[in-house]
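Summary of structural features
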Amino acid sequence: MNDIALQASFALNVALLLMLVIVGIAIARSRSLLASILLLGIYSLVSAAWLVVMDAADVAFTEAVVGAGISTVVLLGAILLVRAGPVRHDWRMTIPPALLVLGVGGLLIYAVTGLPEFGDPASPANAHVGRSYLIETPKEIGVPNVVTAVLSSYRGFDTLGETVVVFAAGIGVALMLGFGPRSALSPPPVATGDHHVVLRVTAKLLIPLIMLYAFYVQFHGDLGAGGGFQAGVILAVAPILHALVFGLRETIEAIPVHAVRSVAALGVLLFAGVGLVCILNGGDFLDYDYLFPPSVEAMIPPGLMGDPDHAHHWGQHFGIFFIELGVLFTVSATMVTIFYGFAGRAADEQEAAS
Amino acid sequence: MVDVLHLIGGVLVVAGTLLTLLGGVGVMRFPDVYTRIHAASLTDTGGATLVLIGLGLISGLTLETLKLGFVWVFVMLTTPAAANALANAAFSAGHTPRIGTFQITKSADASQAKPETPRTASGDGKSGAP
């Protein structure tokens with residue numbers, strides 16, 4: 001039975017990786033930017049499926065949400081701006097890049113032969129720090145999902161850096177494209193025949209459900225796959241869908257540009273603020289065991305929410321809750337900022353053309 | 001009893017995947033945008049329904065069944081709406097159906113039918129396929 005399951009999993013791996021190769025070749029050969037972007041989305045979806053087979057649920061979730069979801073929308077917004085047709089290159093120009101790609105690819109394939117086997121318990125990644133995370137997490141953090149414990153507690157500083165990177169990306173896009181439309185957006189065209197009634201009704205039904213799902217992913221993150229990054233992107237999908245169906249003007253009226261900007265900054269502040277509170281209470285930066293001052297610590301009854309060895313994990317629970325909330329704020333607001341930037345620029349150009 | 005349910009569930013999952021595969025063949029083989037959308041959306045919802053029912057039978061009456069039900073509701077909401085939006089956009093862009101009452105062709109074989117007036121290069125919906 002186990003043998004059959006192993007063989008089936010091997011066959012599934014081979015099939016998914018083959019699909020990745022085929023989609024990759026199709027992307028390289030495609031002459032249409034639109035087709036390439038849609039194929040990139042398919043590539044991400046297939047790799048997400050492959051990551052599920054590899055039991056990396058959190059990574060698969062991120063790949064599906066970011067790769068197949070939001071980046072496709074952003075890239076589509078980008079080609080709205082460039083409107084580039086296929087470019088003809090002299091074939092001799094492609095020789096140096098091809099040689100470079102072949103060289104790097106060959107080196108990578110050579111490096112693969114030196115990697116430990118998949119799932120090898122004695123491999124460096126599994127033997128040292130990985131094993132201690134698995135053993136210590138229930139005692140030290142008290143969170144069932146070890147990925148969340150590693151991401152937000154053990155490596156909280158690293159995650160703060162990632163959040164700042166996301167924030168910086170949003171600022172970069174906003175500086176180049178603007179935070180939103182600068183020209184006064186023209187009123188939405190009067191619907192002559194109501195073509196999009198099905199779309200509008202479905203979007204109205206879906207937008208609250210999407211937001212509800214985002215909050216489920218957010219607050220379920222320490223129990224199952226998910227967390228601030230995935231939830232932030234899913235939450236950002238709701239206003240983006242609203243803008244796509246009802247028009248950017250309506251969305252900006254509902255969620256103003258300055259609100260989005262403030263929330264993006266607030267997230268980073270919240271994350272870093274949790275770290276500073278820990279310092280003020282005598283701990284290290286982002287050491288959530290010191291999140292509460294000693295006077296509050298004393299009031300929490302021992303044995304509540306935790307094993308008897310360690311009185312409780314309240315500091316860890318609340319620390320992870322707040323920093324994940326910060327991640328949610330920054331990621332979702334940054335995604336909306338980026339979308340506003342691209343869509344607003346397109347609206348500006350439309351305005352200028354008309 | 002459990003084995004029988006597993007067997008029926010497995011058969012339904014395979015039937016659903018085959019139906020989805022058939023939809024893929026339809027998208028490649030059908031003559032115009034509208035029939036292709038038709039092939040993709042119908043088999044998508046039908047195939048997903050079969051797969052989800054099959055998975056529900058395999059999982060038994062657990063929390064997973066409820067989640068599969070949510071997935072089914074989501075698929076039934078989004079796929080037809082997406083097909084509608086796609087067909088709407090195609091119609092707005094001026095695609096005419098190659099079969100049906102919009103155009104009478106002498107050839108009975110629909111796949112041999114040519115459009116009355118060749119539109120732009122991207123007008124036949126085929127150039128979008130990679």
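Nothing here was measured: the structure is a model prediction, and the numbers come from that model.

**Re the overall build of chain B**
- In terms of helices and strands, chain B carries three helices and zero strands.
- Across chain B, helices and strands are ordered from the amino to the carboxyl terminus as α-α-α.
- Relative to all contacts within chain B whose residues are 6 or more apart in sequence, the contacts with residues 24 or more apart total 65%.

**Quick notes on the nonpolar core**
- Counting 56 residues, the largest nonpolar core has A:Val233, A:Ile234, A:Ala236, A:Met335 and A:Phe339 as its most contacted members.
- Elements supplying a minimum of two residues to this core: α3 (57-82), α7 (146-154), α8 (156-177), α9 (197-219), α10 (228-246), α11 (248-254), α12 (257-280) and α14 (314-353) of chain A.
- Top element by residues in this core is α14(A). It accounts for 15 residues.
- Looking at which domains feed residues into this core, each of domain 1 (1-87) and domain 2 (144-187 + 194-354) of chain A gives three or more.
- Core analysis: the second largest hydrophobic core is formed by five residues, B:Leu12, B:Leu50, B:Val51 and B:Leu57 among them.

**Regarding the packing of helix α1 (residues 2-29) of chain B against helix α2 (residues 33-59) of chain B**
Residues and elements named next belong to chain B.
- Where α1 meets α2, the axes come as close as 7 Å, and the angle between the chain directions of the two elements is 165 degrees. The angle between α1 and α2 places the two elements in the roughly antiparallel class. α2 is crossed by α1, and the crossing has left-handed handedness.
- Class assignment of the residues belonging to the contact of α1 with α2 gives a composition of 17 nonpolar, twelve polar and two charged.

**Let's talk about the interface of chain A and chain B**
- Every contact between the two is made by eleven residues of chain A and, on the other side, eight residues of chain B.
- At five residues, α9(A) tops the list of elements feeding residues into the side of chain A that touches chain B.
- The class makeup of the residues in the side of chain A that touches chain B is seven nonpolar, four polar and no charged.

**Details of the confidence of the model for chain A**
- Averaged over every residue, the pLDDT of chain A is 85; residues scoring 70 or more account for 91%.
- Within chain A, helix α4 (residues 95-112) of chain A carries the highest mean pLDDT (93), whereas helix α13 (residues 294-299) of chain A carries the lowest (75).

**Remarks on the packing of α8(A) against α14(A)**
All names here are of chain A.
- For the pair α8 and α14, the least separation of the axes is 9 Å and the interaxial angle reads 20 degrees. The angle between the axes of α8 and α14 places the two elements in the roughly parallel class. Classified by chirality, the crossing of α14 by α8 is left-handed. On α14, the residues touching Gly156, Thr163, Val166, Phe167, Ala169, Gly170, Val173, Ala174 and Leu177 of α8 are Ile323, Gly326, Val327, Thr330, Val331, Thr334, Thr337, Ile338, Gly341, Phe342 and Arg345.
- Grouping the constituent residues of the contact of α8 with α14 by class yields eleven nonpolar, eight polar and one charged.

**Quick notes on the domain arrangement of chain A**
All names here are of chain A.
- What the domain assignment reports for chain A is domain 1 (1-87) and domain 2 (144-187 + 194-354).
- Look at where the C-alpha atoms of domain 1 and domain 2 centre, and you get two points 25 Å apart.
- Considering only residue class, the side of domain 1 that touches domain 2 consists of ten nonpolar, three polar and one charged.

**Brief notes about the environment of A:Phe61**
Residues and elements named next belong to chain A.
- The residue phenylalanine 61 is located in helix α3 in this model.
- The exposure class of phenylalanine 61 is buried, given the 23 C-beta atoms found within 10 Å.
- In the structure, phenylalanine 61 is positioned 170 residues away from alanine 231 in sequence and 10.0 Å away in space, judged by C-alpha atoms.
- The residues contacting phenylalanine 61, other than those within four sequence positions of it, are Ala225, Gly226 and Gln230.

**Describing helix α2 (residues 33-53) of chain A**
Residues and elements named next belong to chain A.
- With 21 residues, α2 extends 30 Å between its outermost C-alpha atoms, agreeing within 8% with the 30 Å of an ideal straight helix rising 1.5 Å per residue.
- Of all the residues in α2, the buried ones are Leu39, Gly41, Tyr43, Ser44, Val46, Ser47 and Ala48.
- For α2, the secondary structure elements touched by its buried residues are α1 (2-29) and α3.
- The positive-phi residue at the C-terminal boundary of α2 is aspartate 55, with phi of around 70 degrees.

**What about α2(B)?**
- Taking 1.5 Å of rise per residue, 27 residues should cover 39 Å, and α2(B) covers 38 Å from first to last C-alpha, within 8% of that figure.
- In the stretch just after α2(B), B:Gly60 is the one whose phi turns positive, near 80 degrees.

**So, unusual backbone geometry**
Residue and element names in this part refer to chain A.
- Positive phi, close to 70 degrees, is recorded for aspartate 55, a residue that is not glycine.
- Looking at the secondary structure, you find aspartate 55 in the loop between α2 and α3.
- Look at leucine 286: it is not a glycine, yet its phi comes out positive at around 65 degrees.
- Its location among the elements puts leucine 286 in the loop between α12 and α13.

**A short note on the environment of B:Ala15**
Residues and elements named next belong to chain B.
- If you trace the backbone, alanine 15 turns up in helix α1.
- Residue classification places alanine 15 among the partly exposed positions, given that 16 C-beta atoms sit within 10 Å.
- When the C-alpha positions of alanine 15 and glycine 46 are compared, they lie 9.9 Å apart, and in sequence the two are 31 residues distant.

Quick notes on the rules
- What you see as residue numbers is a count from 1 along each chain, following the sequence as written.
- Chains and ligands are labelled sequentially in the order written, the chains with letters from A and the ligands with numbers from 1.
- The predicted nature of this model means local features are confined to residues of pLDDT at least 70 and side-chain atom pairs, given and counted, to a pLDDT of 80 or more, with totals for whole chains, interfaces and linings taken over all residues.
- Put simply, DSSP H or I for four residues or longer makes a helix, DSSP E for two residues or longer makes a strand, and each gets a number counted from the N terminus.
- Throughout, a pair of residues is in contact if the C-beta atoms placed from their backbones lie within 7 Å.
- A set of buried residues drawn from Ala, Val, Leu, Ile, Met, Phe, Trp, Tyr and Cys, joined through C-beta atoms within 7 Å, is what defines a nonpolar core.
- In this scheme every C-beta is placed from the backbone, and a residue whose C-beta has 20 or more other C-beta atoms within 10 Å is buried, one with 12 or fewer is exposed, and one in between is partly exposed.
- As used throughout, domain bounds are those supplied by an automatic or database domain assignment.
- Convention adopted: a line fitted to C-alpha atoms gives each axis, helices being fitted over their contacting stretch, and angles between N-to-C directions are expressed from 0 to 180 degrees.
- Oblique is the label for every angle not falling under 35 degrees (roughly parallel), over 145 degrees (roughly antiparallel), or within 65 to 115 degrees (roughly perpendicular).
- Note on convention: near helix rotated counterclockwise from far helix by under a right angle means a left-handed crossing. Clockwise means right-handed.
- For this classification, Asp, Glu, Lys and Arg are treated as charged, while Ala, Val, Leu, Ile, Met, Phe, Trp, Tyr, Cys and Pro are nonpolar and the rest, including Gly, are polar.
- pLDDT measures how confident the predictor is about each residue, on a scale from 0 to 100.
- Multiplying one less than the number of residues by 1.5 Å gives the expected span of a helix.

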